[in-house]
Amino acid sequence: MSLQSPLGKVLGNGAAKEGAGHWWAQRVSAVGLVLLAPWFVMSLIALGDLSYVNIVSWIASPVNTVLLSLLVLTVSYHAQLGLQVVVEDYVAHKGIRMLTMLVINFTLLVLGVLGVFSVLRIALTGNH
Amino acid sequence: MAQHERPLSPFMHYRWQYTNTLSILHRLSGVFMSLGIALLVYWLSAAASGSAAYEQALRCLTSPLTRIAMFGWLLAFFYHLLNGIRHLGWDLGYGFERAVARKTGTLMFVTAIVLTVLTWLCISARITASVSGGLL
């Protein structure tokens, strides 16, 4: 006989109250990065020299603008999910754990927004 | 009262083996690459701030010290990518047999090192070309 309530059974969540959401999000973002990250590294190699003109015109081409924005967003998200697991596993003190996660989340959010803004600024202002 | 055997955390009674070594390296490479996000965004924001800012950033990003760190980042990248694909295979139920997991583990490790060396040589040559080409 299970002591689980009918509502608990329907929601299917364990003690963490969030089900498989975090686990699944980490896999989905991983699949995205399996595609995006090798594209980025191969593009860097294919670019030739790393001069300002070369880089800016590469970023400004529409496909690269979209993929680079997706890369910055996905990599920040995937890092947030991964670092959260590491922090939850190794930082025992609840207060320090919460503070560490706050710093990590805010930093990654700022980096993600700044990265996408930079890509869009290059693509949309057209001063190249 | 009789003293009962208390359950121990796995790390206290499993011997050290290749599986947990690869597992902890996956975490370490992930944490190390997270630091690299700051570098990537610095590079992008410098490009968005104009040619003067970009050239200053490039000078900083192509310094000998950063070039050595780049090797570490590439190694972390290829390791995490290839081992991550192994993990996704396991999640789908493939490759969990002992012999297969050992084989893919070795293959992944060797491939990661080869790809790192090749990519690093390639990017290093680009940087040297950019420097000697009078870009910096």
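Just above sits the structure.
Residues numbered from 1 in each chain as written. Chains lettered and ligands numbered in written order. Predicted model: local features only at pLDDT ≥ 70, side-chain atom pairs only at ≥ 80, totals over all residues.

A. Inspection of the overall build of chain A at higher detail. Regarding its fold elements, chain A presents five helices and zero strands. Helices (α) and strands (β) of chain A occur, in sequence order from the N terminus, as α-α-α-α-α. Taken against the 2.2 N^0.38 rule, which gives 14 Å for 128 residues, the C-alpha radius of gyration of chain A at 20 Å runs more than 25% over that of a compact globule. By principal-axis analysis of the C-alpha atoms, chain A measures approximately 70 × 30 × 25 Å. Counting contacts in chain A only where the partners sit at least 6 residues apart, residues at least 24 apart contribute 75% of the total. (Helix = DSSP H or I, 4+ residues; strand = E, 2+ residues; numbered from the N terminus. Rg over C-alpha atoms; globule rule 2.2 N^0.38 Å. Contact = placed C-beta atoms within 7 Å.)

B. A look at the packing of helix α5 (residues 94–125) of chain A against helix α1 (residues 18–48) of chain B. The geometry of α5(A) relative to α1(B) is characterised by a closest axis approach of 8 Å and an angle of 30 degrees between their N-to-C directions. In terms of axis orientation, α5(A) runs roughly parallel to α1(B). As α5(A) packs across α1(B), the resulting crossing turns out to be left-handed. Where α5(A) abuts α1(B), its residues Leu111(A), Leu114(A), Gly115(A), Ser118(A), Val119(A), Arg121(A) and Ile122(A) lie against Ile37(B), Ala38(B), Leu40(B), Val41(B), Leu44(B), Ser45(B), Ala47(B) and Ala48(B). Split into classes, the residues belonging to the contact of α5(A) with α1(B) amount to eleven nonpolar, three polar and one charged. (Axes fitted to C-alpha atoms, helices over the stretch in contact; angles between N-to-C directions. Parallel < 35°, antiparallel > 145°, perpendicular 65-115°, else oblique. Left-handed = near helix turned anticlockwise from the far one by under 90°. Nonpolar A, V, L, I, M, F, W, Y, C, P; charged D, E, K, R; others polar.)

C. Broad picture of the interface of chain A and chain B. Contact residues are listed per partner, giving 28 residues for chain A and 31 residues for chain B. Contributions of two or more residues to the side of chain A that touches chain B are made by α2 (21–46), α3 (52–60), α4 (62–90) and α5 of chain A. Of all the elements, α2(A) adds the most residues to the side of chain A that touches chain B, at eight residues. Split into classes, the residues belonging to the side of chain A that touches chain B amount to 20 nonpolar, five polar and three charged.

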